[in-house]
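Summary of the model geometry
Residues per chain are reported as follows:
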Amino acid sequence: MEEVSTYTNQGLIIVFAVGAATGTASEFGLVLLWPNLTEAAGRYIYFPLYMEIFAFIMEVVFIYMLWYGWKRLPPKALALVAFLGFLGAWYSAAMIISVNSYIVAPTGIMPAYKPDGTYLYEQGYPKITVYMPKDIAALLDVPKLQAAGVEVLEDAGDSVVVAIPVRIVQQLVREAWTGVALKDSILAKGGFIDVEAASGLTMDQVRALAEKLGLPEATLAGAENPVQALLAVPVKNVLDYMLMTTVKKIGYMSVTFKSPVYPASIVHTIGSALTVAGFTAMAGYTMRLLRMPENTDPGYRRYVEKAFKFTAMFAAIVIAFQGIVSGHEMGVAVAQWNPEKLAAMEGTSEHIFSLSRTLGIEKLMAFIAYGSTEAQLPSYDAIPSDYCKCGLAGTPPVEDCRPPIMLHYVYYTKISLAMLIGLYGLLMGLVALRRDWSLADRVLNTLGLREKYPRQLLRLALVAAVAAQVVSTLGWVVREVGRKPWTIYGVMTVDVARSFNPPSTGQLVLVSLYFIVLLAALTYAVYRFIWLPGKPPKTM
């Protein structure tokens, strides 16, 4: 097993280097391309991103120790260092995925669909629950807000918990990041501000509230009318006050981790990484089995066979876990918290060629998603295409509030490939066990696979490794594209979050070249995994 460890260690170093380079580029991309998202959410996504720095340092330290101490440290110490290096990588993933989970399904989201076929879009759902400070709530016309779909859920001391329709939330966010003042916002134009209550404020009360809203003292200088003074406040200041109150109540350090899709997301992400790694390593040793001459040194043959069995069993176990456990839990989370995405993924529109409808598995998919034969998948056509648009304001530049329906084909391509590599992984696991488990031998013989290492199966290993990577990538496409038109689901749309200073063509070319170089490095890393492990060492 020493050779297995040596080559795996080398591959790990290269993959880590590529991961560090792409991760750094991604973080810069987040700031440069979506600056308003960073500003809006920066005060509560900072904690996991800050902790991710320590996770990265942990990876750097222990992976460097693994490399430098490979021939200097005893095996038990190397095992501990390797474990801590992996722990650092998973720690990093846990932090990053918490932020991504939050923008996929924010803490406090209330979906607009129930599995019994009930649609709540006309009642203003989806909604976001926030803690509204009472000094702000006292200036609002509650009956008018309730008529617009806002629900008062409970008293929380200095604030009240309210559920606000996402069409109002996204409009306020849009106004905040386009410099709109209260007097020009939907709060004023929609008649949601209680002018009588605002008029009753003394100037001292106005100054106290203005201080909480971050309004400069100079703005109030000379103001004698409290209403006019407050209406001059930017919407962003009001939202910021509500946001900070909400985050304080939920917890600065825990708000992203409380996203309802976080537990399923982190398990599914780590499972995906292990699956790709398992199939890639198995492909390397499978190729060497195929190319091994008859007069091969017996010691080298034992090494390759042990490595193949280990990686084949590992790949079979992780693909089974990924498909049966973590993939299922991820699907359940999407069904419950992102029903619009589920409708697009399942292609429930009557206007497209639906694979699930053609295959007659819609009821099966509903049962898998909701755990009941009485459950129904949400119809894409029944979801209002304007559910995110606020009728009280000008039409925002969002053509359709639903995710693109083409997601259905991406999702089913991913699922089909995943099932194929799952079946292949099972067969390869049986091949690895056939001399130790009679049932495996009988099953393979029944299938006509009588060789110890069936060459027709081994030849597919490289294809399976590439397919595993493709499935993982398609999974991220479904996750990210399925959130459109939202950047933060139910809060901020992409057109608000994006940069208004787009890069030039030359800058885009430079960035593209950077990623091409990284792709070449990653290809080299895969080459290290797939080809070099099988080459006979010169000392043998």
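Residues take numbers from 1 onward in each chain, read along the sequence in its written order. Where totals are concerned, whole chains, interfaces and linings use all residues; where local detail is concerned, this predicted model gives features only for residues with pLDDT of at least 70, and gives and counts side-chain atom pairs only at 80 or more. Water and hydrogen atoms play no part in the side-chain values, which are based on all heavy atoms of the structure.

1. Description of the overall build of the protein
The condition is simple: Helix and strand definitions follow DSSP, with helices as H or I runs of at least four residues and strands as E runs of at least two, each counted in order from the N terminus. Burial classification: accessible surface area is computed with a 1.4 Å probe over protein chains only, and a residue below 20% of its type maximum counts as buried, one above 50% as exposed, and the rest as partly exposed. Note on definitions: a residue-residue contact is assigned when non-hydrogen atoms from the two residues lie within 4.5 Å. For the purpose of charge, His is not counted, nor are the chain termini; Lys and Arg are scored as positive and Asp and Glu as negative. Where a charge lies is defined by one atom per residue type: Lys uses NZ, Arg uses CZ, Asp uses CG and Glu uses CD.
Helix and strand content of the protein: 23 helices and 8 strands. The proportion of buried residues among the 540 residues of the protein is 49%. Considering only intrachain contacts with a sequence separation of at least 6, the fraction spanning at least 24 residues in the protein is 75%. Side chains of the protein carry 44 positive and 41 negative charges; the gap between the two charge centres is 14 Å.

2. Comments concerning the environment of Y125
Let me state the cut-off plainly: Side-chain atoms alone can form a polar contact between residues adjacent in sequence; in general such a contact is a pair of N or O atoms within 3.5 Å, and within protein one must be able to donate a hydrogen while the other accepts it.
With respect to the secondary-structure elements, Y125 resides in the loop between β3 (118–119) and β4 (127–133). You can call Y125 buried: its relative accessible area is 14%. The sequence separation of Y125 and M244 amounts to 119 residues, and the corresponding C-alpha distance is 23 Å. Residues contacting Y125, with those up to four places away along its chain left out, are M110, P111, A112, L120 and E151. A polar contact of 2.6 Å, which involves the side chain of Y125, links it to the side chain of E151.

3. Considering the packing of aromatic side chains
Going by this rule: Here the aromatic set is Phe, Tyr and Trp, taking the six-membered ring for Trp, and pairing holds for ring centres within 6.5 Å; pairs whose planes are under 30 degrees apart are stacked, those over 60 apart are edge-to-face, and all others are tilted.
A full pass over the atoms with the stated rule returns 14 aromatic pairs. Between F16 and F56 the ring centres are 6.0 Å apart and the planes differ by 20 degrees, which places this aromatic pair in the stacked class. Here the residue F16 occupies a position in helix α1 (residues 2–33), and F56 occupies one in helix α2 (residues 35–68), the gap between them amounting to 40 residues. Ring plane angle 85 degrees and centroid distance 5.5 Å describe the contact between F257 and Y262, whose orientation is recorded as edge-to-face. Judged by its relative accessible area of 23%, F257 falls in the partly exposed class. The buried category is assigned to Y262, whose relative accessible area is 11%. Through successive ring pairs, a cluster of aromatic residues spans Y113, Y119, Y121 and Y387.

4. Some remarks on the nonpolar core
So the rule is basically this: By nonpolar core is meant a set of buried Ala, Val, Leu, Ile, Met, Phe, Trp, Tyr and Cys residues that side-chain atoms within 4.5 Å join together.
Counting residues in each nonpolar core, the largest one holds 101 residues, and the members touching the most others are M132, I136, I164, V173, Y370, Y387 and M492. A total of 7 residues in this core trace back to one element, the largest contributor, which is helix α12 (residues 235–250). Not counting chain neighbours up to four residues away, the residues in contact with M492 comprise N36, L37, A40, V173, W177, W486, T487 and A497. With 35 residues, the next largest nonpolar core counts M428, A432, L449 and Y453 among its residues.

5. Examining the sheet that holds strand β6 (residues 159–165)
Pairing between sheet strands relies on hydrogen bonds along the backbone, with the strands arranged either parallel or antiparallel. Going by this rule: For two strands to be treated as a pair, DSSP must find no fewer than two bridges joining them. Fitted lines through C-alpha atoms serve as axes, helices being fitted only where they are in contact, and the angles separating the N-to-C directions of these axes extend from 0 to 180 degrees.
Overall, antiparallel pairing links the 4 strands, which are arranged β1-β4-β6-β5 in an open sheet. Every other strand in the sheet has two partners, leaving β1 (109–110) and β5 (151–155) as the edge strands with one partner each. Sheet topology note: the β5/β6 ladder contains 4 bridges and is antiparallel. Along β6, the bridge assignment pairs D155 with V160. Lying on the sheet, α12 is in contact with β4 and β6; it crosses β4 at an angle near 95 degrees.

6. Notes on empty space enclosed by the protein
Taking a probe equal in size to a water molecule and rolling it over the atoms shows the remaining empty space. The condition that has to hold: Points on a 1 Å grid, built from protein atoms alone, make a cavity when a 1.4 Å probe fits but cannot get out and make a pocket when they are open with protein on both sides within 12 Å along at least 5 of 7 lines; residues with an atom within 4 Å of a point are the lining residues. Grid points are joined across faces, edges and corners, and a volume is the space filled by probe spheres set on the points. Amino acids outside the nonpolar list (Ala, Val, Leu, Ile, Met, Phe, Trp, Tyr, Cys, Pro) and the charged list (Asp, Glu, Lys, Arg) are all regarded as polar, and Gly is one of them.
Under the counting rule described, the total for this entry stands at 2 cavities of 30 Å³ or more. As a volume, the largest cavity reaches approximately 60 Å³. In terms of lining, the largest cavity is formed by N338, E340, K341, Y387, C401, P403, G482, R483, K484, W486 and Y489. Taken together, the residues of the lining of the largest cavity sort by class into 5 nonpolar, 2 polar and 4 charged.

7. Thoughts on the packing of helix α6 (residues 166–176) against α12
Quick note on the threshold: Relative orientations are named as follows: roughly parallel for angles under 35 degrees, roughly antiparallel for angles over 145 degrees, roughly perpendicular for angles from 65 to 115 degrees, and oblique for any other angle. Crossings are assigned a handedness: left-handed for a near helix turned anticlockwise from the far helix by less than a right angle, right-handed for a clockwise turn.
Contact pair α6 / α12: the axes reach a minimum separation of 8 Å and the direction vectors enclose 125 degrees. Between α6 and α12, the crossing angle belongs to the class labelled oblique. The two elements α6 and α12 meet at a crossing, and its hand is left-handed. For the pair formed by α6 and α12, the contact residues are L172, V173, E175 and A176 on the first element and V235, K236 and L239 on the second. Grouping the constituent residues of the contact of α6 with α12 by class yields 5 nonpolar, no polar and 2 charged.

8. So, the state of the cysteines
Note the cut-off: Only a pair of cysteine sulfur atoms within 2.5 Å counts as a disulfide in this structure description.
Tallying each qualifying case throughout the model produces 1 disulfide. At a sulfur-sulfur separation of 2.1 Å, the disulfide partner of C388 is C401. Between C388 and C401 the sulfur-sulfur dihedral comes to about -75 degrees; the bridge is accordingly left-handed. On the criterion of sequence distance, the pair formed by C388 in the loop between α17 (362–370) and α18 (407–433) and C401 in the loop between α17 and α18 is long-range, its members being 13 residues apart. We note that C390 lacks a disulfide partner, and the nearest cysteine sulfur, in C388, lies 10 Å from it.

9. A short note on α17
Threshold: Taken from the helix axis, the directions to the C-beta atoms give the arc we talk about.
Of all the residues in α17, the buried ones are M365, A366, A369 and Y370. Considered in projection along α17, the buried side chains sweep an arc of 110 degrees and stay on one side of the axis. Its buried side turned inward, α17 meets β2 (113–114), α14 (298–337), α15 (339–346) and α18.

10. What about the pairing of β6?
Every other side chain in a regular strand lies on the same face of the sheet, so the side chains alternate between the two faces. With 7 of its 7 residues buried, β6 lies for the most part within the structure. Residues S159, V161, A163 and P165 point to one face of β6 and V160, V162 and I164 to the other, with burial holding for every one of them. Of the strand pairs in this sheet, β4 and β6 are connected by 7 bridges, and their pairing is antiparallel. In the strand pairing of β6, Y131 is matched with V161.

11. So, the packing of α14 against α15
Two elements in contact, α14 and α15, have axes whose closest approach is 5 Å; the angle formed by their N-to-C orientations is 120 degrees. Put simply, α14 runs oblique to α15. Seen from α14, the contacting residues are V334, A335, Q336 and W337; seen from α15, they are P339, K341, L342 and M345. Of the residues that constitute the contact of α14 with α15, the class distribution is 6 nonpolar, 1 polar and 1 charged.

In short, shape yes, function no, at least from these values alone.
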